Amino acid sequence: MSSKKSVQSAAMEKDAEHKKTLYVSDLDGTLLRSGQFTSDYTNRVINSLTEQGIKFSYATARSLVTAKKVTKGLHARIPLIVYNGAFVMDNETEEILIANYFDESVREVFEDLLYHEVYPIVYSYIDGMEKFSFLSDKCSKGAREFLETRKGDRRSNPVSTSEQLISGNCFYITCIDDPQKLEPIYEKYKDSYHAVYQNDIYSGEQWLEIMPQEASKSNAALQLKKLLQCERMTVFGDGRNDIDLFEAADECYAVENAVDELKAAATGVIGSNDEDAVAEWLETMAVKK
């Protein structure tokens, strides 16, 4: 075989390998710059690579609505992992590809929260419409401030009773309150549900997010990997809540601004989110290495 044919054959094999790999990036602090947006460069790279057949997704705690706002310009038809893995949805059609809902046992959690005067924001599908419900007169200061950032959102559903709060098909619970109230609840339910207990990256408020056990970035990514018939998975992240995603991957890269714990678990450390490091890695490494 001639040298030219050998190079062409190797390139074709490498191209096929990349098309069998699922690339998944965290959003806030990783794919997004600190101003909460994807740069023109990141949008251009990902749009171009996915057109060439590279399989890419991002995984976020955000809803589809807010995720698409901060990734404006990312037009590729890609599957998106939202609500920390509760759903995988199509970026263009907004079709739900994979769903993980609570079962009836979650009522015990609601009763416990209300008994301890923790008033959550509850995400559900009600009559086929996505809504986030909350008791307007009971919300904590942190919850009120968060809801203020969602003013005018078509999903907003203020309610007056606890029964209305938990109506519909629930899939996500957000509690924003004092650590003294939230930590015992986290400890109680962390093994029964997928619970994330951390400070919000932007406000610094203490959050407790509770999801079905099946709903996690790692599980949704593995479900998506199977759906797309990929053989490998490479992921990118910045926070402790990305550790399970790193553990599920074949390769994992922490951005420079990531927490030390994640860097220690990474295959390698790349540039920062403000340097568009994920897009740069994808452009220079995913198609060339």
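Caption draft 1: Just the sheet that holds strand 6 (residues 121-126), in detail. Strand order in this open sheet of 6 strands is 8-7-6-9-11-10, and the pairing throughout is mixed. Edge strands, defined here as strands with exactly one partner in the open sheet, are strand 8 (156-159) and strand 10 (194-199). Along the sheet, successive strands turn relative to each other by an average axial angle of 25 degrees, direction set aside. Sheet topology note: the strand 6/strand 9 (residues 169-176) ladder contains 5 bridges and is antiparallel. In the strand pairing of strand 9, serine 124 is matched with cysteine 170. Here helix 5 (residues 106-115) sits on the sheet in contact with strand 6, strand 7 (129-135), strand 9 and strand 11 (206-211), set at roughly 25 degrees to strand 9. Packed on one face of the sheet, helix 6 (residues 141-148) meets strand 6, strand 7, strand 9 and strand 11 and runs near 45 degrees to strand 6.

Caption draft 2: The arrangement of helix 3 (residues 40-51) in detail. For helix 3, with 12 residues, the first-to-last C-alpha span of 16 Å sits near the 16 Å given by 1.5 Å per residue. Taken together, the buried positions of helix 3 are Thr42, Asn43, Val45, Ile46, Asn47, Leu49 and Thr50. Positive backbone phi, approximately 105 degrees, marks glycine 53, located one or two places after helix 3.

Caption draft 3: Expanded view of the pairing of strand 3 (residues 79-82). Neither face of strand 3 is left uncovered, since the one carrying Pro79 and Ile81 and the one carrying Leu80 and Val82 both have all their residues buried. Across 4 bridges, strand 3 lies against strand 4 (residues 87-90) in antiparallel orientation. Counterpart to leucine 80 in the pairing with strand 4 is methionine 89. The antiparallel pairing of strand 3 with strand 4 creates a hairpin that spans 4 residues between the two strands, and tyrosine 83 there sits at a positive phi of about 50 degrees.

Caption draft 4: Quick peek at the pairing of strand 10. The sheet contact formed by strand 10 and strand 11 spans 6 bridges and is antiparallel. Note on strand 11: the bridge partner recorded for glutamine 198 is tryptophan 207. Here strand 10 hands over to strand 11 after 6 residues, with glycine 204 in that stretch at a positive phi of 80 degrees.

Caption draft 5: The pattern of salt bridges, seen in detail. Scanning the entire structure with this criterion turns up 20 salt bridges. Notably, a salt bridge pairs aspartate 153 with arginine 155, separated by 2.6 Å at the nearest N-O pair. In this pair, the class of aspartate 153 matches that of arginine 155, namely buried. Between aspartate 242 and lysine 217 there is a salt bridge, and its shortest N-O distance comes to 2.8 Å. Of this pair, aspartate 242 sits in the loop between strand 12 (232-237) and helix 10 (243-248) while lysine 217 sits in helix 9 (residues 217-227), and the two are 25 residues apart along the sequence.

Caption draft 6: Expanded view of the environment of leucine 80. You can see leucine 80 is positioned in strand 3. The spacing of leucine 80 and isoleucine 96 is 16 residues in sequence and 9.6 Å in space, taken between C-alpha atoms. Non-local contacts of leucine 80, meaning those with residues more than four positions away in its chain, are made with Ser57, Tyr58, Leu64, Phe87, Val88, Met89 and Asn91.

Conventions we followed
Residues numbered from 1 in each chain as written. Predicted model: local features only at pLDDT ≥ 70, side-chain atom pairs only at ≥ 80, totals over all residues. Heavy atoms only, no water. Pairing = 2+ DSSP bridges. Helix = DSSP H or I, 4+ residues; strand = E, 2+ residues; numbered from the N terminus. Axes fitted to C-alpha atoms, helices over the stretch in contact; angles between N-to-C directions. Contact = heavy atoms within 4.5 Å. Expected span 1.5 Å × (residues − 1). Buried < 20%, exposed > 50% of the residue type's maximum accessible area, 1.4 Å probe, protein only. Salt bridge = Lys/Arg side-chain N within 4 Å of Asp/Glu carboxyl O.

Purely spatial values, then, with no claim about function.
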